[in-house]
Amino acid sequence: MRREARVEGVVQGVGFRPFVHTLARRLGLAGHVGNDADGVFLAVEGSSEGVARFLDALKAEAPPLAVIDRIEVTEVPPLGAARFDILPSPPGGVANTLVSADSATCADCLRELADPGDRRYRYPFVNCTNCGPRFTIVRGVPYDRPRTTMAGFALCRDCAREYADPADRRFHAQPVCCPACGPRLRLGTAEGDDALRVAVRLLGEGRVLAVKGLGGYHLAVAAASEPAAAALRSRKHREDKPFAIMVPDLAVAGDLCEVDPVAERLLTGRRRPIVLLPRRRAAPVAPSVAPGNRMLGVLLPYTPLHHLLLTDFAAPIVLTSANVSDEPIVFRDDEARDRLSGIADAFLTHDRPIHVRTDDSVARTFRGRAQLQRRSRGYAPEPVVVGQDFRRHVLACGAELKNTFCLAKGRHAFLSHHIGDLENYETLRSFTEGIEHFGRLFDIAPEIVAHDLHPEYLSTKYALDLAESGTVEPVGVQHHHAHIAACLADNAESGPVLGVAFDGTGYGTDHTIWGGEFLLADLAGFRRVGHLEPVRMPGGTAAVRQPWRMAAAYLGATDDTGDLDVVRRHAREWPAVVSMAASGVNAPLTSSAGRLFDAVAALLGVRDTTNYEGQAAIELEQLADPAVRGGYPAGISAADPVTVSGADLVKSVVDDLRAGRAVDVVAARFHNGVAEAIRGVCARLREATGVGTVALSGGVFQNVLLLDRTVDLLEGRGFRVLTHSRVPTNDGGVSLGQAVVAANTTGPVRQ
Amino acid sequence: SAHGAGGKATQTLVEAVFLDAFRNPALEPLGDAAELTVGGERVAMTTDSFVVSPLFFPGGDIGDLAVNGTVNDLAVAGATPRYLSCGFIIEEGFEVADLRSIVSSMTAAADAAGVALVTGDTKVVGKGSGDGCYLNTTGIGTLDPDRALGVHTVRPGDAVLVSGPVGDHGVTIMLERGELDIDADLESDTAPLNGLCRGLLDAVPGVRAMRDATRGGVATVLNEVARAAQVSVVVEEDAVPVREEVRGACELLGIDPLYVACEGRFVAVVDGAQAETAVAALRSQPLGAGARVIGHVGDDPPGLVLLKTGFGGTRIVDLLVGDPLPRIC
Ligand SMILES: [Fe+3]
Ligand SMILES: [Mg+2]
Ligand SMILES: [Zn+2]
Ligand SMILES: [Zn+2]
């Protein structure tokens, strides 16, 4: 019998043709396999049992980097073929294919790295079809060596032979190289193993090392050394934000943190995100690494260089993006010299250029699922399959902070790597260049440009400029609708749902700042059916950076607050800030849940000013005692939209503080109270609308305690609850939501 | 309220409604003043309306503000202000004593600037139709025969200066409205700039453009420069002069002094090689004692204003579309 098949997905540049070739030969089948613009096409001919086994194995045994979207099999009459051939790629290569994400070093390559008899023994750039750099080195399409940053390294005879041999693990592995022909490691004047030796010695001496990785430079210090970690903090101007730790292996990760089975798979998988894990009390990690945090961000080595460094140093190292303050990660060599000279004592670097700046991804586990908080290296640019068709090409420009963009066509939403905060010029450049790069890589020429409604977002301005200068149709998508749509897309659903979007800041359709929203939503639209009662943000942006201002806004002009610590700490500015809230002078209205958490954090003395986004709320969560049950009541109005009184929660917090209740109990009751309010509002909305599915999204749901309580309470009342997994709940997911909304609110292709 | 904040909304309103209807070569550049030829003589003409609230504030009132504002629009266009007209729109029941006091500060301001108030008009509107008193002033000045200034002449390598500390006027007005429980020892910077502009023009042949930093502040002026000349403007955050009291009030209010209105400060762009001379010329007069180079003009990225922060970051200083609302989470 003979069958022809088409395989779509990430199936090129990942060793798929050699895999098919080997499989067919093992089963004694004839036929062929080749690449074209839509993926892989193949034919097999032979015994019906052999063909059936072949088709079973095609998906089950596919190479590690392959991501199969769809296999379409057609019956055809046998042709009497006798051989199995790998067909050459069409001249000029194959356009319109999917680019694989960068992938952690595979077991085969690790064996070679450690084998003194292998010609790639201790070679920091060993890779093969199953692993190594991809997205970060691709300059253009079609994906082949001249269009990667490996173009400058001519293959030696041995490597060329491996590259050309269909039976070899390195058949058509574009970044293939060896010590004879590939990139070289350097530290000052030392090269190769000498460079590594110096690096390990410097780490041991407590020095700060810049290390060139896959998507940019990192800064590394010994994780156990407090002076080293403290020095890194002060040189980077990074006050409190936790550093990630790279550990030599899973066992060491287990020494530092509790590792559940899902976390273990994340840590050891080919995507290798930083995984947030509950730290063990006795974990030998310097206090400055993650001050006051119950979690540690841990990752395992993902390049051969990291493996060598960690094996030789044999202890955990801090590995944090190399940048100054809020600047994006440094990825060009000259830039590294310029920007990092005051931070790093030495540079462990190499001569393979990085084409796309890509940060490490960040994940955690929640109820047996991975949850991505930053989807970047190891994931991008692989598409998110969202269960719908994009009939027109869409560009979605995302939010202002934690920006990602998304280009979509057909069944694919290409969600970008983490871009960052656009207000920074370097980041804005990454954004505009990234959009152009993705457009070329995936052959997408936007017909629709989706954007946030906030007129001052640089992503909005970019979208509107694009629309003005061309034939692109602009579609404004409300921020929290985008969050809920992202959650729907993440779960490949289309609603309607009761969307609970809790975050810090988003522009509302009434021109105020939203952020504690209940939306009856599907992919095409929404109605605001509930929200937190608006309060003033005295000083606008200043109220975000200084949570105590939100305490002032919530407490208002009541005279009897003089006994509260937060008022005493700000005695001089308090009346001014209260008067701003009262008069509305530079004090916009907000229904933000993030600001409510800020107010309570300030009241409990957690923090009066923040050094990074969401810090007060994060620390408030850390403070709360998860064993405490029961929450403060919040008034829920019967109006339409329903409103929830955050002030009630604040009042209970103040009452308990005055009663001398322990702050960890107060913090927990506040969390529980917010969760109960969400349940209360959803119950009322279910009665009114008949919708029994709730989607939770927005940055506030990075708070595990709140998420856990909310899901418990909702499921206890029989709700179906959708949460994020593949796409961040924070603003990193907004562009995906914008893309699906835009695709569902615009008409068919214009003729 | 978005229209009038001095940002992009105002610009769009002007372009959408007025420019199309009134289109002519003298209006087109949308400068501070129109350049005209009358009987073979080059003159500049400008008009401005004043609706400030409160009418009286530390450092001045609506009267000297109206004179100085129009004088300054002529001065930064490179003209020597000569004649002013003044229109009053007065709300029924407005105190005569207040009116007298406004008129007397107008006379004093005109004397100080060396201009003559030569014609005027008064209208009274019903109670509730006006905010006490509105003023309109129109000014005419003479231009040097062959001196071409304009933001489009700015080029990479030029230096960017301010004539003194920024933000005094706008913050003073915000606090003086009496809604806020903030005490600060502040005064409006309202002042005539014609002497200072003249001094700069005489000392520095390479003056490309001058703009008074009124609505939208220095940030808005710099964006106009960057867009008109398709250049980048890079400002050193630490170099921007801001009085301690103003900085403190701005921090409390949560506003950026770069966007706050001044009424007696201007931004000048000069040939980079003549920056020192320019600073010296400005500092030689009392009104320019706080003058400083705050940045420079480059070619990349065209159309954008960038701020180099203390930590070595580079932040985009964009034209505001409307009232600033928080963008951060
Ligand atoms: Fe958000
Ligand atoms: Mg004017
Ligand atoms: Zn490998
Ligand atoms: Zn080789």
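Definitions and limits used
- Residues numbered from 1 in each chain as written.
- Chains lettered and ligands numbered in written order.
- Predicted model: local features only at pLDDT ≥ 70, side-chain atom pairs only at ≥ 80, totals over all residues.
- Heavy atoms only, no water.
- Helix = DSSP H or I, 4+ residues; strand = E, 2+ residues; numbered from the N terminus.
- Rg over C-alpha atoms; globule rule 2.2 N^0.38 Å.
- Contact = heavy atoms within 4.5 Å.
- Areas by Shrake-Rupley, 256 points an atom, 1.4 Å probe, with all protein chains shown as cover.
- Buried < 20%, exposed > 50% of the residue type's maximum accessible area, 1.4 Å probe, protein only.
- Buried area = accessible area lost by both parts, 1.4 Å probe.
- Salt bridge = Lys/Arg side-chain N within 4 Å of Asp/Glu carboxyl O.
- Polar contact = N/O pair within 3.5 Å; in protein donor to acceptor, adjacent residues only side chain to side chain.
- Domains from an automatic or database assignment.
- Nonpolar A, V, L, I, M, F, W, Y, C, P; charged D, E, K, R; others polar.
- Donors = N, O, S within 2.8 Å, 3.2 Å for Na, K, Ca; no water.
- Tetrahedral: all angles 85-135°; square planar, octahedral: opposite > 155°, others 65-115°.
- Axes fitted to C-alpha atoms, helices over the stretch in contact; angles between N-to-C directions.
- Parallel < 35°, antiparallel > 145°, perpendicular 65-115°, else oblique.
- Left-handed = near helix turned anticlockwise from the far one by under 90°.
- UniProt positions renumbered as here; feature names shortened; annotations may be inferred.
- Pairing = 2+ DSSP bridges.

Draft legend 1. Looking closely at the overall build of chain A. Helices and strands together make up the secondary structure of chain A, namely 23 helices and 28 strands. Radius of gyration (C-alpha) of chain A: 27 Å, near the 27 Å computed for a compact globule of 751 residues. Viewed in the frame of its principal axes, chain A has a C-alpha envelope of about 90 × 65 × 50 Å. Long-range pairs, those at least 24 residues apart, make up 72% of the contacts in chain A with a sequence separation of at least 6. As presented, chain A carries roughly 26400 Å² of accessible surface, and 50% of it is formed by carbon and sulfur atoms.

Draft legend 2. How the structure looks around the overall build of chain B. Across its full length, chain B carries eight helices and 14 strands. A compact globule built from 329 residues would reach a C-alpha radius of gyration of about 20 Å, and chain B, at 19 Å, matches this within 12%. The principal-axis extents of the C-alpha atoms in chain B amount to approximately 55 × 55 × 40 Å. Each of the 329 residues in chain B was classed as buried or not, and the buried ones make up 53%. In chain B, the proportion of contacts linking residues at least 24 apart, taken out of those at least 6 apart, comes to 83%. Total accessible area on chain B stands at roughly 13900 Å², and carbon and sulfur atoms take up 53% of it.

Draft legend 3. View of the interface of chain B and chain A. Each partner contributes to the interface: chain B provides 30 residues, whereas chain A provides 45 residues. Between chain B and chain A the total buried area reaches about 3200 Å² when both faces are included, carbon and sulfur atoms providing 61% of it. If you sort the residues of chain B by the area they bury against chain A, B:Arg327, B:Ile328 and B:Cys329 come out on top, with a joint share of 26%. Across the chain B-chain A interface, the total number found is five salt bridges. A salt bridge links B:Asp300 to A:Arg429; its shortest N-O distance comes to 4.0 Å. The interface formed by chain B and chain A includes 15 residue pairs in polar contact (both at pLDDT 80 or more).

Draft legend 4. Main features of the domain arrangement of chain A. All names here are of chain A. In terms of domains, chain A is made up of domain 1 (2-86), domain 2 (185-350), domain 3 (383-482) and domain 4 (497-724). Here the C-alpha centroids of domain 2 and domain 3 sit 32 Å apart. Taken together, the contacts link five residues of domain 2 with five residues of domain 3. Overall, the association of domain 2 and domain 3 removes approximately 380 Å² of surface from exposure, summing both partners, and the carbon and sulfur fraction of that is 32%. Our count for the contact surface shared by domain 2 and domain 3 stands at zero salt bridges. Where domain 2 packs against domain 3, one counts one residue pair in polar contact (both at pLDDT 80 or more). Tallied by class, residues from the side of domain 2 that touches domain 3 come to one nonpolar, no polar and four charged.

Draft legend 5. Quick peek at the coordination of the zinc ion (ligand 3). Residue and element names in this part refer to chain A. Only Cys 106 (SG), Cys 109 (SG), Cys 128 (SG) and Cys 131 (SG) from the protein coordinate the zinc ion (ligand 3), and they sit 2.3 Å from it. Given four donor atoms and angles of 103 to 121° at the metal, the environment of the zinc ion (ligand 3) is assigned as tetrahedral. When the donor residues of the zinc ion (ligand 3) are listed from N- to C-terminus, their spacing reads C-x2-C-x18-C-x2-C. One end of the pair, Cys 109, is in helix H3 (residues 107-114); the other, Cys 128, is in the loop between H3 and helix H4 (157-164), and 19 residues separate them in sequence. Overall, the relative accessible area of 0% leaves Cys 128 in the buried class.

Draft legend 6. Quick look at the packing of helix H15 (residues 548-555) of chain A against helix H17 (residues 574-583) of chain A. All names here are of chain A. Remark: H15 packs on H17, axes separated minimally by 9 Å, with the N-to-C direction vectors making an angle of 60°. Considering their axes alone, H15 and H17 lie oblique with respect to each other. Note that H15 runs across H17; the crossing there is right-handed. Mapping the contact onto sequence places Trp 548, Arg 549, Ala 551, Ala 552, Ala 553 and Leu 555 in H15 and Trp 574, Val 577, Val 578, Met 580 and Ala 581 in H17. Considered class by class, the residues forming the contact of H15 with H17 number ten nonpolar, no polar and one charged.

Draft legend 7. Looking closely at the coordination of the iron ion (ligand 1). All names here are of chain A. Looking at the iron ion (ligand 1), the protein donor atoms are His 479 (NE2), His 483 (NE2), Asp 503 (OD) and Asp 731 (OD), and they sit 2.0 to 2.3 Å from it. For the iron ion (ligand 1), the four donor atoms are set out with angles of 86 to 173° between them, so the coordination reads as irregular. Spacing between the donor residues of the iron ion (ligand 1) along their common chain follows H-x3-H-x19-D-x227-D. Of this pair, His 479 sits in helix H13 (residues 479-490) while Asp 503 sits in strand E21 (residues 497-507), and the two are 24 residues apart along the sequence.

Draft legend 8. Representation of the UniProt feature "domain: Acylphosphatase-like" (unreviewed entry) in chain A. Per the UniProt record, the feature "domain: Acylphosphatase-like" (unreviewed entry) sits at residues 2-88 of chain A. Secondary structure within residues 2-88 of chain A divides into 28% helix and 41% strand; the distance between the first and last C-alpha atoms comes to 21 Å.

Draft legend 9. Inspection of the domain arrangement of chain B at higher detail. Residue and element names in this part refer to chain B. Domain parsing of chain B yields domain 1 (31-143) and domain 2 (151-316). Distance from the C-alpha centre of domain 1 to the C-alpha centre of domain 2: 23 Å. Contact residues are listed per partner, giving 23 residues for domain 1 and 22 residues for domain 2. At the boundary of domain 1 with domain 2, total buried surface from both sides reaches about 1700 Å², with 57% on carbon and sulfur atoms.

Draft legend 10. Representation of the sheet that holds strand E10 (residues 244-246) of chain A in the model. All names here are of chain A. The eleven strands are arranged E7-E6-E14-E8-E9-E13-E10-E12-E11-E15-E16 in an open sheet whose pairing can be described as mixed. Two strands bound the open sheet, and with one partner strand each, they are strand E7 (190-191) and strand E16 (369-374). Summarising the sheet, strand E8 (residues 209-212) and strand E9 (residues 217-222) pair through four bridges and their orientation is antiparallel. Directly across from Val 211, in E9, lies its bridge partner His 218. Taken strand by strand, helix H5 (residues 192-204) contacts strand E6 (185-187), E7, E8, E9, strand E13 (317-321) and strand E14 (346-350), and its axis lies near 45° from that of E6. Helix H9 (residues 304-313) contacts E6, E8, E9, E10, E13 and E14 of the sheet and is inclined by roughly 150° relative to E13.

Draft legend 11. Inspection of the sheet that holds strand E20 (residues 473-477) of chain A at higher detail. Residues and elements named next belong to chain A. Strands sit in the order E18-E17-E19-E20 across an open sheet of four strands; the sheet is mixed. Each edge of the open sheet carries a strand with a single partner, namely strand E18 (406-415) and E20. Averaged over all adjacent pairs, the angle separating strand axes in this sheet is 60°, with direction ignored. Two elements, strand E19 (residues 448-452) and E20, share five bridges in a ladder whose sense is parallel. Its bridge partner being in E20, Ile 448 is matched across the sheet by Glu 473. Sitting on the sheet, helix H12 (residues 458-469) touches strand E17 (384-396), E19 and E20, and the angle it makes with E19 is about 150°.

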